[in-house]
Amino acid sequence: RFGYDPSFSCANIVLHVICLMTQPMNHLHVKHLAVYVPNDAEKKDPALYANNVRQKMAQQLGVECYDLTWNEKLRFERMAKARELGNQRLAAKNGGVVPPMPVFTEDAFGNPLVEKVESGSKKKND
């Protein structure tokens, strides 16, 4: 995992473009899926349709979906300003209380993020 991560997140757009231009090669793996045709319930409820498409894509990739919003995603950003914005928006939505951070024990591909040591404590994987 070396180089610049080309997935656009909350980065400054100018910095994002400069970093993309200074990295001469970006690898991409594409998996083509069948067209997902919405049923009658999904035609009436776009959110249901979007969630079902998201579940289908995750299933094909063999990863888990998390019901996190953009505001919750902001809390994981490197920039303090983005993290604070996420906390402010979540607090506004939850009556002034910022909910606890979600705890993840595996990455999206099922690799453990922590491992148990014989003494019972946990340490981060390298």
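(A) Structural context of the overall build of the chain. A tally of helices and strands in the chain yields five helices and two strands. Listed by position from the N terminus, the elements making up the chain come as α-α-α-α-α-β-β. For the chain, restricting intrachain contacts to residue pairs at least 6 apart in sequence, the fraction spanning at least 24 positions comes to 27%. Total accessible area on the chain is roughly 10600 Å²; 59% of this is exposed by carbon and sulfur atoms.

(B) Representation of the pattern of salt bridges in the model. Counting across every chain of the model gives two salt bridges. With a closest N to O distance of 2.8 Å, D67 and R54 form a salt bridge. Of this pair, D67 sits in the loop between α3 (46-61) and α4 (70-74) while R54 sits in helix α3, and the two are 13 residues apart along the sequence. The exposed category is assigned to D67, whose relative accessible area is 67%. Residue classification places R54 among the partly exposed positions, given a relative accessible area of 26%. Notably, a salt bridge pairs E77 with K73, separated by 2.0 Å at the nearest N-O pair.

(C) Region of the structure containing the packing of aromatic side chains. Scanning the entire structure with this criterion turns up one aromatic pair. Summarising the aromatic geometry, the rings of Y36 and Y49 are spaced 5.8 Å apart at their centres and angled 55° between planes, so their arrangement reads as tilted. Here Y36 is found in the loop between α1 (13-21) and α2 (40-44), whereas its partner Y49 is found in helix α3, with 13 residues between them in sequence. Classification of Y36 as partly exposed rests on a relative accessible area of 27%.

(D) Quick peek at a nonpolar patch on the surface. Taken together, the side chains of I13, V14, V17, I18 and M21 present a nonpolar region at the surface, about 490 Å² in accessible area. By the element assignment, I18 lies in helix α1.

(E) Molecular detail of the side chain of E72. Among the structural elements, E72 can be located in helix α4. Contacts of E72, omitting those with residues within four sequence positions, involve D67 and L90.

The rules we used
Numbering of residues starts from 1 in every chain and runs along the sequence as written. Local features are withheld for residues below a pLDDT of 70 in this predicted model, meaning they are given only at 70 or higher, and side-chain atom pairs are given and counted only at 80 or more; totals for whole chains, interfaces and linings count all residues. Only hydrogens and water are removed before side-chain values are computed, so all heavy atoms of the structure are retained for them. Secondary structure elements follow DSSP: runs of H or I of four or more residues count as helices, runs of E of two or more count as strands, with numbering from the N terminus. By the convention used here, residues are in contact when the closest approach between their heavy atoms is within 4.5 Å. To be clear on the numbers: accessible area is Shrake-Rupley with a 1.4 Å probe, and residue cover counts the displayed protein chains and nothing else. By definition here, a salt bridge exists when the distance from a side-chain nitrogen of Lys or Arg to a carboxyl oxygen of Asp or Glu is within 4 Å. We call a residue buried when its accessible area falls under 20% of the maximum for its residue type, exposed when it is over 50%, and partly exposed in between, using a 1.4 Å probe and counting protein chains only. Side-chain rings of Phe, Tyr and Trp (the six-membered ring for Trp) are treated as a pair once their centres are within 6.5 Å; stacked means planes under 30 degrees apart, edge-to-face means over 60, and tilted covers the remaining angles. Surface patches are drawn from residues lacking salt bridges whose relative accessible area is over 30%; two like charges belong together within 9 Å, two nonpolar side chains (Val, Leu, Ile, Met, Phe, Trp, Tyr) within 5 Å.

So yeah, pure geometry; function would need other evidence.
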